Amino acid sequence: MRGDKKKILVFSESEELSARTDALLCERGFSVRLVSGLSEAEACSAETDAAVLFMPKPEEKFVRLAARMSVQSSAGIIAVVRAEYAPRAEESLDGLGVVLLTLPLNAKLFVQALDVAVKMSERLRAVNGERAKLESVIGDLKLIDRAKCTLVRYLNMTESDAHKFIEKQSMNRHLPKREIALEILKTYES
């Protein structure tokens, strides 16, 4: 990972359950943040590698929290419910990428599930980083294309000539094509 402790967010409205979970995870090297409020859990989710949501039964407020955390963070999420509510929870959480565990928990399996959730978080962060790079490249290509169209429109260049012009300016001035495109757009579209 990053060399530091794995950051785990534990949401539970039960102080006793939070304390037991904290003790179990701290002795296994996790850095645990205990929260009992829905808004606090949502606010802290971006800073964690994994989140454990103890939901005695899959009430709408808990499902909404899991859904928001799933969309707004790259934390691996584990929802823990009572066994009798598992089918309903599974249906409610379907498609959110949330791992569902049932009470009573086996400590070894719980820690293994947390390790998997942390690995999911690492993978999501890597994918999101690649997506951001690709979005930047696509944005640059769109900008350069707009600049080429501007040169075609205002200077009656062919598309090929406009492309060569931008490339030559980029090389001669040691600037990225994006910067040349911005200058062209500023000059002709202002």
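Residues numbered from 1 in each chain as written. Predicted model: local features only at pLDDT ≥ 70, side-chain atom pairs only at ≥ 80, totals over all residues. Heavy atoms only, no water.

Under the annotation held in an unreviewed UniProt entry, the chain carries the name ANTAR domain-containing protein and is attributed to Candidatus Borkfalkia excrementavium.

## Observations concerning the sheet that holds strand 2 (residues 30–35)
Read across the sheet, five strands follow the order 2-1-3-4-5 without closing on themselves; strand pairing throughout is parallel. Whereas interior strands pair on both sides, the edge strands pair on one side only; in this sheet they are strand 2 and strand 5 (98–103). The sheet shows a mean angle of 20° between the axes of neighbouring strands, direction not considered. With six bridges connecting them, strand 4 (residues 76–82) and strand 5 associate as parallel partners. Of the residues in strand 5, the one forming a bridge with Val 81 is Thr 102. (Pairing = 2+ DSSP bridges. Helix = DSSP H or I, 4+ residues; strand = E, 2+ residues; numbered from the N terminus. Axes fitted to C-alpha atoms, helices over the stretch in contact; angles between N-to-C directions.)

## Side note on the pairing of strand 1 (residues 6–11)
In this sheet, strand 2 lies alongside strand 1 in parallel orientation, the contact comprising six bridges. Paired with Phe 11 across the two strands is Val 35, which belongs to strand 2. As a crossover connection, the stretch from strand 1 through helix 1 (residues 15–26) into strand 2 is right-handed. Two elements, strand 1 and strand 3 (residues 50–54), share four bridges in a ladder whose sense is parallel. (Right-handed = clockwise from strand over helix to strand, strands pointing away.)

## A few points about the pattern of salt bridges
Under the counting rule described, the total for this entry stands at 14 salt bridges. Where Arg 33 meets Glu 40, a salt bridge forms, and the shortest distance between an N and an O atom there is 3.9 Å. Relative accessible area serves as the criterion here: at 38%, Arg 33 is assigned to the partly exposed category. We classify Glu 40 as partly exposed; its relative accessible area is 34%. (Salt bridge = Lys/Arg side-chain N within 4 Å of Asp/Glu carboxyl O. Buried < 20%, exposed > 50% of the residue type's maximum accessible area, 1.4 Å probe, protein only.)

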